[in-house]
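# Examining the three-dimensional arrangement
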Amino acid sequence: MRVLVIGGGGREHAIAWKLSQSPRVTELLAAPGNAGTAQVAENVAVGAEDVDGLLRLAQDRAVDLTVVGLEAALAAGIADRFAEAGLLLFGPTQSAARIETSKAFAKDLMLRHGVPTAAAAVFDDYDDARRYVEGSPAPVVIKADGLAAGKGVVVARTKKDALDALRLQMVERTFGASGDRVLIEEYLEGEEVSVFAFVDGRRVSPLVAACDYKRQGDGDTGPNTGGVGAYSPPPPHLWNDDICREVRSRIIEPVVRALSEEGAPYTGALYAGLMHTGQGLKVIEFNCRLGDPEAQVLLPRLITDLADVMIGVARGDLTGVTLAWDPRPCVGVVLTSGGYPGTYETGFAIDGLDVEQPNAMLFHAGTRLDAASRRTVTDGGRVLMAVGLAPTLGEARKTAYDRAAVVGFERAFWRTDIASSERRRAPLHGKEASL
Ligand code: AMP
Ligand code: GLY
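Quantities reported herein were computed from a predicted structural model and do not represent experimental measurements.

## Notes on helix 1 (residues 10-19)
Taken across its 10 residues, helix 1 has 10 buried, putting it largely inside the fold. Every buried residue of helix 1 is accounted for by Gly 10, Arg 11, Glu 12, His 13, Ala 14, Ile 15, Ala 16, Trp 17, Lys 18 and Leu 19.

## So, helix 9 (residues 159-171)
Residues spaced three or four apart along an α-helix face the same direction, because each turn holds 3.6 residues. For helix 9, which comprises 13 residues, the first-to-last C-alpha distance of 17 Å matches the rise-based estimate of 18 Å (1.5 Å per residue) to within 8%. Listed in full, the buried residues belonging to helix 9 are Asp 161, Ala 162, Asp 164, Ala 165, Leu 166, Gln 169 and Met 170. Packing partners of the buried residues in helix 9 comprise strand 6 (120-123), helix 8 (126-134), strand 7 (140-144), strand 8 (153-156) and strand 9 (182-186). Once helix 9 ends, the next one or two residues include Arg 173, with phi positive near 55 degrees.

## Concerning the site of ligand 1
Surrounding ligand 1, one finds 14 residues, the nearest of these being Glu 185, Glu 186, Leu 188, Glu 192 and Glu 285. Within the contact set of ligand 1, a nitrogen atom lies 3.1 Å away from a side-chain nitrogen or oxygen of Lys 143. Interatomic distance of 2.8 Å between a backbone N/O atom of Leu 188 and a nitrogen atom of ligand 1. Elements represented by at least two residues in the shell around ligand 1 include exactly strand 7, strand 8, strand 9 and strand 14 (280-287). Class assignment for the residues of the shell around ligand 1 results in six nonpolar, no polar and eight charged.

## Regarding the pattern of salt bridges
For side chains of opposite charge, pairing can occur when their charged atoms come near one another. All chains considered together, the criterion is met by 36 salt bridges. Between Arg 81 and Asp 52 there is a salt bridge; the shortest N-O distance is 2.8 Å. With a gap of 29 residues between them, Arg 81 in helix 5 (residues 78-84) and Asp 52 in helix 3 (residues 51-60) connect regions that are remote in the sequence. Residue classification places Arg 81 among the partly exposed residues on the basis of a relative accessible area of 30%. With a relative accessible area of 41%, Asp 52 lands in the partly exposed category. Connected via shared salt-bridge partners are Arg 2, Glu 27, Glu 42 and Arg 61.

## Concerning the sheet that holds strand 5 (residues 89-90)
Strand order in this open sheet of five strands is 3-2-1-4-5, and the pairing throughout is parallel. The open sheet has two edge strands, strand 3 (42-43) and strand 5, and neither has a second partner. Sheet analysis places strand 1 (residues 2-7) next to strand 2 (residues 27-32), joined by six bridges and oriented parallel. Bridge assignment links Ile 6 to a residue of strand 2, and that residue is Ala 31.

## Points about the nonpolar core
As a rule of thumb, soluble globular proteins bury nonpolar side chains together. Counting residues in each nonpolar core, the largest one holds 54 residues, and the members touching the most others are Ile 78, Ile 99, Val 247, Ile 252, Leu 274 and Phe 286. At eight residues, the largest contribution of residues to this core is made by helix 10 (residues 241-261). Not counting chain neighbours up to four residues away, the residues in contact with Ile 252 comprise Ala 197, Val 204, Leu 207, Val 247, Leu 270, Ala 272 and Phe 286. Counting 46 residues, the second largest nonpolar core, distinct from the first, contains Ala 41, Leu 306, Leu 323 and Trp 325.

Rules behind the numbers
- Residues numbered from 1 in each chain as written.
- Chains lettered and ligands numbered in written order.
- Predicted model: local features only at pLDDT ≥ 70, side-chain atom pairs only at ≥ 80, totals over all residues.
- Heavy atoms only, no water.
- Buried < 20%, exposed > 50% of the residue type's maximum accessible area, 1.4 Å probe, protein only.
- Helix = DSSP H or I, 4+ residues; strand = E, 2+ residues; numbered from the N terminus.
- Expected span 1.5 Å × (residues − 1).
- Contact = heavy atoms within 4.5 Å.
- Near = heavy atom within 4 Å.
- Polar contact = N/O pair within 3.5 Å; in protein donor to acceptor, adjacent residues only side chain to side chain.
- Nonpolar A, V, L, I, M, F, W, Y, C, P; charged D, E, K, R; others polar.
- Salt bridge = Lys/Arg side-chain N within 4 Å of Asp/Glu carboxyl O.
- Pairing = 2+ DSSP bridges.
- Core = buried A, V, L, I, M, F, W, Y, C linked by side-chain atoms within 4.5 Å.

Geometric values such as these leave the question of function open.
Have a look at this one:
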């Protein structure tokens with residue numbers, strides 16, 4: 001089979017790396033890919049949101065299966081276009097992807113189907129939203145309805161912070177049309193877990209879970225990021241057989257059934273971001289894809305052939321596909337450009353990429369091959385992820401950090417406390433309130 005992976009982050013390197021191990025996959029393409037996907041696939045310079053270009057590429061190269069890693073292409077309707085052209089694709093249609101691309105749609109679906117989630121009110125009008133915030137107790141959470149590159153959520157400690165966030169989203173339109181509609185949501189407190197399922201329209205695979213570190217600094221301090229560390233499986237108080245059964249029957253299955261009944265059957269990877277609150281488990285958000293960086297600590301644990309799973313999903317028939325996971329824990333640390341998630345420089349040469357260490361992996365994210373120097377250089381905020389898979393969480397953590405330690409590039413920065421002890425939500429103070 002010829003397989004095309006769309007995207008160029010750490011998640012897509014991990015997906016391409018895993019697919020490259022499949023005996024079914026004879027040729028692998030990545031668009032646009034990064035210096036890591038280039039090790040296992042042929043990179044093609046077509047942008048991840050250029051649906052026309054990607055369709056042409058898939059047709060020209062007679063691609064048998066296209067795998068979409070990131071939400072932007074799904075939001076743009078790539079699954080619908082490929083289906084019209086008779087091409088097999090892993091990822092939901094534009095209409096099913098609304099579970100991520102419209103928070104108001106997701107909230108309404110959950111409330112109508114009794115899925116536990118934070119209470120929320122939806123506003124299209126700034127003055128109505130402002131009056132609602134003025135009449136509500138703080139803290140409160142302001143969410144842009146549409147995609148905002150992970151930046152559309154503000155946990156506001158004070159009414160002033162909430163009003164500032166509303167003005168930025170609805171009046172100054174920092175996220176464009178994504179903020180024309182906002183959700184004002186009840187603030188939840190607790191520990192988070194990311195849960196994943198493969199869905200073929202009706203059937204739901206066994207679930208798997210990971211923990212993601214969103215804050216930039218040690219001890220969950222500093223600004224919110226796209227995710228700078230992860231491990232899987234989560235500790236038993238966050239993820240065990242009972243919790244897994246509950247998430248399946250009360251959250252994932254009802255949502256998959258509802259989408260199917262409402263004419264938007266879901267196919268692809270479904271990601272539920274959950275919080276363990278004093279009132280039980282609640283959904284924070286759904287995403288229509290695997291997580292980044294969660295995929296980089298999940299896929300090394302996957303024993304099953306990922307191509308079998310993705311073909312089953314894309315064909316709408318997961319029957320007979322089982323999922324086997326390595327019980328060993330996997331830990332990953334993201335090596336970022338100094339300054340991320342704020343401004344940072346790129347183009348620095350990276351050392352230590354080709355060092356082999358047992359049970360360690362290095363997934364690329366923001367990297368590219370520099371034609372002039374013929375070296376791999378930094379090309380984004382999240383640059384690499386060092387991953388360790390070992391019999392205990394402690395050993396996996398040490399393996400990941402040992403791998404990170406031999407990588408060098410100017411102004412490299414990473415957290416030192418990934419998977420080190422129980423996660424604790426850091427108290428939010430004043431200006432730090434914008435997560
Ligand atoms: P999201 O972009 O939806 O993943 O949200 C980013 C982060 O904001 C989440 O991972 C949570 O840590 C936090 N968050 C989102 N919604 C709430 C909420 N209702 N209460 C407290 N924290 C939240
Ligand atoms: N790790 C968070 C995300 O992929 O959205």
